[in-house]
Amino acid sequence: ASARGTLSHVQALRQNPGAPQLAKPQTASESAAPGQPNRSIHDAEQQMQLPGVLRRREGQDDSGDAAVDEAYTALGATYAFFWDVFGRHSMDGQGFPLIGTVHYGKAYENAFWNGEQMVFGDGDGEIFNRFTVALEVVAHELAHGVIESEAALVYVNQSGALNESVSDVFGILTKQYALKQTVQQADWLIGAGLLTDAVNGRALRSMSAPGSAYDDPLLGKDPQPGHMREFVETRDDNGGVHINSGIPNRAFYLAAMAMGGYAWEKAGQIWYDTLCDARLANDAQFLDFAQLCVDNAAQRFGKASAEVLAVARAWKEVGVGV
Ligand code: ASN
Ligand code: ZN
C-alpha cells in the first residue's frame, strides 16, 4: 500500500477542485457542424498546467497513447449519446469544443471539469487506474458542462448532490447507450474498472445499491446512502455532494427499472426534460427535482401513464415524497 493510500486521497475523489461551470468557448477554433463533435486531446505530461500539449485533434488517427485515445473515443461516444438521443449539439447545444487533458499531475487520482475542459489523472496504479478507462466517468465530466449550461445547479448540499447525480445519470446512460444494454443488462456502476485488483471494490459508486461499491482497508467503505433516512449531514465535499447523490441516483435506477427496456428512452428522457425545465432553480432541492420529474413524465407520457407512476414511486422509495 502506498502512502497515498489514506483517507486524504479518498478525499481527493470527493473534493471539488473548482466548482464546475461553463466558460465561454475559448477560441472555438473551428465550430463543428451539428452532429459532429469537435475534440482535442492534450497531454499535461504529469504537470498541472492546462491544457498541455495537443496530441490528437478531431479526425486524426490514434495517437498510440492509451489515455489520449481513450479520452478521444469516450468524448466521441458521449457527444454521440447527447446528439442521437436528445438532439443536443455538445454541452451548450452550440458545438462547444470538447477539450480533454490526460496525464494531469503525478499519480493524480481524479477527473474533473473546470468550466472549459475535462481533465483526467493517471491514478497511482495501486488503488486507481487511469481515469479514462471508464466511459461513464468521461461522460460524467462532460455532463457537468451540460448541467452548467441548462440548470447551473449550485455545487453545494442538495443542489450539489443533484448536480453530481444528474452527471452520474448521463454518465451511466452514455455507457448503456454505447453498449446497447437494457436496464436489466446494465451494471449501474460509475467508475467500473477504475479500482485496481488490489482494492476490494467494483467501482466508485453504485446507482442500484449506493454504499456497496467498495469496502476496503485503504479506501474505507463506500459512504453513499440510498434513502433519505441515511442522508449524510457534513461540511466535507461541499456538503456531501458525492455522498448524498446516492439518493437521487437510486431514484433514477428504480424509475428506469420499473419502465424496463433501454433507460435512455423513457427515464433518461424524463430526467433530461427536467434538467432543461426552466422551472428547475439552480438551488433546487431533491423534492423540487422529484416534483418536476413527475410533471415532465406527465407531459411526455400522459398524466395517468405508467411512467408517471414509476417516477413517483421511485422518488417515494428513496424517501423523497412527491
Ligand atoms: N470527479 C469529481 C467530479 O467530477 C471531481 C469533482 O469533485 N469535481 O465530480
Ligand atoms: Zn462530478
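As annotated in an unreviewed UniProt entry, the protein carries the name Neutral metalloproteinase and comes from Phytopseudomonas seleniipraecipitans. In its Cofactor (unreviewed entry) section, the UniProt entry covering the protein states "Zn(2+)". Per UniProt, the protein carries the Function (unreviewed entry) text "Extracellular zinc metalloprotease."

Here's the deal with helix 8 (residues 286-301)
Its 16 residues give helix 8 an end-to-end C-alpha distance of 22 Å, which sits within 8% of 22 Å, the value for a rise of 1.5 Å per residue. All of the buried residues in helix 8 are Phe286, Phe289, Ala290, Leu292, Cys293, Val294, Asn296 and Ala297. Downstream of helix 8 by one or two residues, Gly302 has phi in the positive range, about 105 degrees.

What to know about the domain arrangement of the protein
Quite often, the size of an interface is put as the accessible area lost when its parts meet. When the domains of the protein are assigned, the result is domain 1 (7-150) and domain 2 (157-317). For domain 1 and domain 2, the distance between their C-alpha centroids amounts to 21 Å. Each partner contributes residues to the interface: domain 1 has 28 residues there, and domain 2 has 32 residues. When residues of the side of domain 1 that touches domain 2 are traced back to their parent elements, those giving at least two are helix 1 (7-14), helix 2 (66-86) and helix 3 (135-150). Residue contributions to the side of domain 1 that touches domain 2 peak at 10 residues, all from helix 3. Here the residues of the side of domain 1 that touches domain 2 are counted per class, giving 17 nonpolar, seven polar and four charged.

Rules behind the numbers
Residues numbered from 1 in each chain as written. Chains lettered and ligands numbered in written order. Predicted model: local features only at pLDDT ≥ 70, side-chain atom pairs only at ≥ 80, totals over all residues. UniProt positions renumbered as here; feature names shortened; annotations may be inferred. Helix = DSSP H or I, 4+ residues; strand = E, 2+ residues; numbered from the N terminus. Expected span 1.5 Å × (residues − 1). Buried ≥ 20, exposed ≤ 12 C-beta atoms within 10 Å, placed from the backbone. Domains from an automatic or database assignment. Contact = placed C-beta atoms within 7 Å. Nonpolar A, V, L, I, M, F, W, Y, C, P; charged D, E, K, R; others polar.

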